[in-house]
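# Results of the structural survey
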2 protein chains.
Amino acid sequence: MDKQTENGMEDTPLFDPKILDLIDFSKCNGEYKPKISNKNPGDNLHLRPLSLGDFDRGFLKLLSELTKVGDVSQKQFADRFHQMKACPGGYFITVLENTETQEVVATATLAVETKFIHSTGARGRIEDVVVSKQYRGKQLGKLLLDCLTLLAPKVGCYKLSLECKDPLVDFYSTFGFSKEVNQNYMVQRFWD
Amino acid sequence: MDKQTENGMEDTPLFDPKILDLIDFSKCNGEYKPKISNKNPGDNLHLRPLSLGDFDRGFLKLLSELTKVGDVSQKQFADRFHQMKACPGGYFITVLENTETQEVVATATLAVETKFIHSTGARGRIEDVVVSKQYRGKQLGKLLLDCLTLLAPKVGCYKLSLECKDPLVDFYSTFGFSKEVNQNYMVQRFWD
């Protein structure tokens, strides 16, 4: 049910929280010490879809630990949020909130591109994974990655990919990702 | 204006054809011999958005020259089409039609993922580029690539990427793409 944010905006989730129930964490290959899961991510932590109220819970500040965010107003945030929400099955931005401090402390995105090939299939991409500095070392990045990797086929992805820097290749290998022979990632940038 | 397809379906474009007018082909770096452009792609050829009626114009057969398509019914095609269309600014699937034979002979996709980072920016991806066998050697793949590369920043993409096999690295370099140091593309497949 929608609740009100501090600023009186409706606190709408980006996608139906029930979709996260499709994650069968018993199928997860990774080992956790101490044991955490999507349902029990740790003390005061709650795993859920990004919500409109996360503007007030430090979501953009969190992203700025990953890359350039820029000056994004509440209206710009809300407009982008609603644009994503209008795209059904397209954006599974998932966050971990510390419910005591009401801060978003980690996030990862499963972005889904629908296609006509592969029997009107879809391909997923892991994007924008970040854990707030003071929450690192608590297996939260791993937890988000396991969750989104388990979720991807449940929402129709026949394949899932990501790009990462050299030191992270081993980390992502543990979730089933590999570098393929004869596959090259090429990019061009128009602005920062 | 919408027109009727053979089967009486409205021939809706996937995106507003005016968006293709944002392409300033004079900014294109590539040389064409003979000279073709987005406005004049060659005899009887017309560059336009994918449309709902392209189910009857061999669009899926064309894609099957690229990869596995599977058995996609007209309803499945239409459902996927409308799902993409509901996602504003998300899917710029562009085709070349031979207006004489009413066949779709080439296609390329600019898929756009909107983000909160980079001042609520967007990143584009080139996907599913294919030219029908009997139309190869007519610079049509190059034309589609130039068009979508010029379009990407116009629709808000701060960066544009693609994945390709080894023999195509040189080809894509000519459009401004490059392999970046310390960037790895990793993938996992759940089914074919």
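Residues numbered from 1 in each chain as written. Chains lettered and ligands numbered in written order. Predicted model: local features only at pLDDT ≥ 70, side-chain atom pairs only at ≥ 80, totals over all residues. Heavy atoms only, no water.

On to the sheet that holds strand E2 (residues 91-98) of chain A. Sheet architecture is open: six strands sit in the order E1(A)-E2(A)-E3(A)-E4(A)-E5(A)-E6(B), paired in mixed fashion. Every interior strand has two partners, whereas the edge strands, strand E1 (45-49) of chain A together with strand E6 (184-189) of chain B, have only one. Looking at each pair of strands side by side, their axes are set apart by 20° on average, direction ignored. Taken together, the five bridges between E1(A) and E2(A) define a ladder with antiparallel strand orientation. Residue pairing across strands places Arg48(A) opposite Val95(A), the latter belonging to E2(A). (Pairing = 2+ DSSP bridges. Helix = DSSP H or I, 4+ residues; strand = E, 2+ residues; numbered from the N terminus. Axes fitted to C-alpha atoms, helices over the stretch in contact; angles between N-to-C directions.)

So, about the UniProt feature "domain: N-acetyltransferase" (unreviewed entry) in chain A. As recorded in UniProt, the feature "domain: N-acetyltransferase" (unreviewed entry) lies at residues 45-192 of chain A. Across residues 45-192 of chain A, the secondary structure splits into 28% helix and 33% strand, with the terminal C-alpha atoms separated by 33 Å. (UniProt positions renumbered as here; feature names shortened; annotations may be inferred.)

Our focus in this paragraph is helix H2 (residues 74-85) of chain B. All names here are of chain B. With twelve residues, H2 extends 16 Å from end C-alpha to end C-alpha; this agrees with the ideal 16 Å at 1.5 Å per step. Every buried residue of H2 is listed here: Phe77, Ala78, Arg80, Phe81 and Met84. Take H2 and look down its axis: the buried residues cluster within an arc of 165°, on one side only. (Expected span 1.5 Å × (residues − 1). Buried < 20%, exposed > 50% of the residue type's maximum accessible area, 1.4 Å probe, protein only. Arc of directions from axis to C-beta.)

Glancing now at the pairing of strand E3 (residues 103-114) of chain A. Residue and element names in this part refer to chain A. In terms of burial, E3 is a largely internal element, eleven of the twelve residues being buried. As paired elements, E2 and E3 share eight bridges and run antiparallel to each other. Within E3, the residue paired with Asn98 across the bridge is Glu103. The hairpin formed by E2 and E3 contains four residues between the paired strands, and Gln102 there has a positive phi angle of roughly 55°. In this sheet, strand E4 (residues 122-131) lies alongside E3 in antiparallel orientation, the contact comprising eight bridges. Directly across from Glu113, in E4, lies its bridge partner Arg123.

Okay, the environment of Tyr185(B) next. With respect to the secondary-structure elements, Tyr185(B) resides in strand E6. Separated by 65 residues in sequence, Tyr185(B) and Thr120(B) have C-alpha atoms that sit 24 Å apart. Discounting residues that sit within four places of it in the chain, Tyr185(B) has contacts with Arg123(A), Lys159(A), Ser161(A), Leu162(A), Ser178(A), Lys179(A), Gln183(A), Tyr185(A) and Glu163(B). At a separation of 3.3 Å, a polar atom in the side chain of Tyr185(B) contacts the side chain of Arg123(A). Separated by 3.5 Å, the side chains of Tyr185(B) and Glu163(B) make a polar contact. (Contact = heavy atoms within 4.5 Å. Polar contact = N/O pair within 3.5 Å; in protein donor to acceptor, adjacent residues only side chain to side chain.)

Our next topic: unusual backbone geometry. Residue and element names in this part refer to chain A. The omega torsion across Lys33 and Pro34 is -5°, close enough to zero to call that bond cis. Located in the positive-phi region is Gln139, a residue other than glycine, with phi close to 70°. By the element assignment, Gln139 lies in the loop between E4 and helix H4 (140-154). When its relative accessible area of 18% is taken as the criterion, Gln139 is described as buried. Backbone geometry at Asn182 places phi at a positive 65°, although glycine is not the residue there. By the element assignment, Asn182 lies in the loop between helix H5 (169-173) and strand E6 (184-189). Residue classification places Asn182 among the partly exposed residues on the basis of a relative accessible area of 29%.

With that settled, consider the side chain of Asn38(A). Residue and element names in this part refer to chain A. Mapped onto the fold, Asn38 is located in the segment before E1. With a relative accessible area of 8%, Asn38 lands in the buried category. In this view, Asn38 contacts Leu20, Ile23, Phe25, Leu47, Leu143 and Cys147; residues no more than four positions away in its chain are not counted.

What follows is about the interface of chain B and chain A. Contact with chain B, which involves 70 residues of that partner, is made by 70 residues of chain A. Ranking the residues of chain B by area buried against chain A places Phe116(B), Tyr185(B) and Met186(B) at the top, with a combined share of 14%. Our count for the contact surface shared by chain B and chain A stands at twelve salt bridges. We note a salt bridge from Lys115(B) to Glu127(A), for which the minimum N-O separation is 2.8 Å. The interface formed by chain B and chain A holds 48 residue pairs in polar contact (both at pLDDT 80 or more) in total. (Buried area = accessible area lost by both parts, 1.4 Å probe. Salt bridge = Lys/Arg side-chain N within 4 Å of Asp/Glu carboxyl O.)

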